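What the coordinates show
Here's the letter readout for the chains.
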Amino acid sequence: MSLLPRIVLALGLCHAAFAQELPEAPGHEETAKLCKQCHDVARSISLRQDRDGWNTTMNKMVGFGMKATPQEFALVLDYLAKHFPAGDAPPPVNVNKATAIELESGLSLKRSQAAALIAYREKNGAFRSLEDLKKVPALEAEKIEAKKARIAF
């Protein structure tokens, strides 16, 4: 099979997978449009957050360059909060094994903070306690303390 038919087939499969991931509802198209500006939609919806969490995430994405009108922003926020809400209790994040996106979404860290945590972990080894985690220069001790219930070692 030549390259063009393979690309067409791959795009078709991606479209089918995408259609299954995002429920049809007001905000569906806007969510796809905005999230796909920077990354795969599946990555976006892998987060399960309450409305405040989604608002924080979307504002972070605007800071990274996401272009959205106020109406699109509100529609997508409503859509995400309704269709991808936080569970009863988010699972703890193992800071010794988590990827950058897991640290960002699970602990509401900035991308730079997640990267700093991973770099520190790679250089100094596994974290054993909250006190070890507070040694990461990019992290604020008070914020880590506030998230201690969501942190695992």
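This text gives an overview of the structure that appears in the document.

**With respect to the overall build of the protein chain**
Each helix and strand counted, the protein chain has nine helices and two strands in total. Of the regular secondary structure in the protein chain, the N- to C-terminal order runs α-α-α-α-α-β-α-α-α-α-β. By residue count, 33% of the 153 residues in the protein chain fall in the buried class. In the protein chain, once contacts between residues fewer than 6 apart in sequence are set aside, the share between residues at least 24 apart is 53%. About 9,500 Å² of surface is accessible on the protein chain, with carbon and sulfur atoms providing 58% of the total.

**Concerning the packing of aromatic side chains**
If you walk through the whole model with that rule in mind, you get two aromatic pairs. With a centroid separation of 5.8 Å and 10° between ring planes, the pair formed by Tyr120 and Phe127 is classed as stacked. Here the basic side chain of Arg111 rests over the ring of Phe64, its NZ or CZ set 4.5 Å away from the ring centre.

**Concerning the pattern of salt bridges**
For the structure on display, the rule yields seven salt bridges. Close ionic contact of Lys143 with Glu140 constitutes a salt bridge, the shortest N to O distance being 3.8 Å. Each member of the salt-bridge network shares a partner with another, and the members are Glu131, Lys134, Glu145 and Lys148.

**With respect to unusual backbone geometry**
The residue Ser108 is not glycine, and still its phi comes out positive at about 55°. Among the structural elements, Ser108 can be located in the loop between helix H6 (100-107) and helix H7 (111-124). You can call Ser108 partly exposed: its relative accessible area is 41%.

**Points about the nonpolar core**
Nonpolar side chains in soluble globular proteins generally cluster together in the buried interior. Membership of the largest hydrophobic core comes to 18 residues, with the highest contact counts inside it found for Leu22, Ile45, Trp54, Met58, Leu80 and Phe84. Of all the elements, helix H5 (residues 70-83) adds the most residues to this core, at six residues. Ignoring any residue separated from it by four or fewer positions in sequence, one finds Met58 in contact with Met66, Phe73, Val76, Leu77 and Leu80.

**Some remarks on the side chain of Gln49**
By the secondary structure assignment, Gln49 is in the loop between helix H3 (41-45) and helix H4 (51-63). Apart from residues lying up to four places away in sequence, Gln49 is in contact with Trp54, Thr57, Phe84, Pro85 and Ala86.

What counts, and where the lines are drawn
- Residues numbered from 1 in each chain as written.
- Predicted model: local features only at pLDDT ≥ 70, side-chain atom pairs only at ≥ 80, totals over all residues.
- Heavy atoms only, no water.
- Helix = DSSP H or I, 4+ residues; strand = E, 2+ residues; numbered from the N terminus.
- Buried < 20%, exposed > 50% of the residue type's maximum accessible area, 1.4 Å probe, protein only.
- Contact = heavy atoms within 4.5 Å.
- Areas by Shrake-Rupley, 256 points an atom, 1.4 Å probe, with all protein chains shown as cover.
- Phe/Tyr/Trp six-rings, centres within 6.5 Å; stacked < 30°, edge-to-face > 60°.
- Lys NZ or Arg CZ within 6 Å of the ring centre and 35° of its normal.
- Salt bridge = Lys/Arg side-chain N within 4 Å of Asp/Glu carboxyl O.
- Core = buried A, V, L, I, M, F, W, Y, C linked by side-chain atoms within 4.5 Å.

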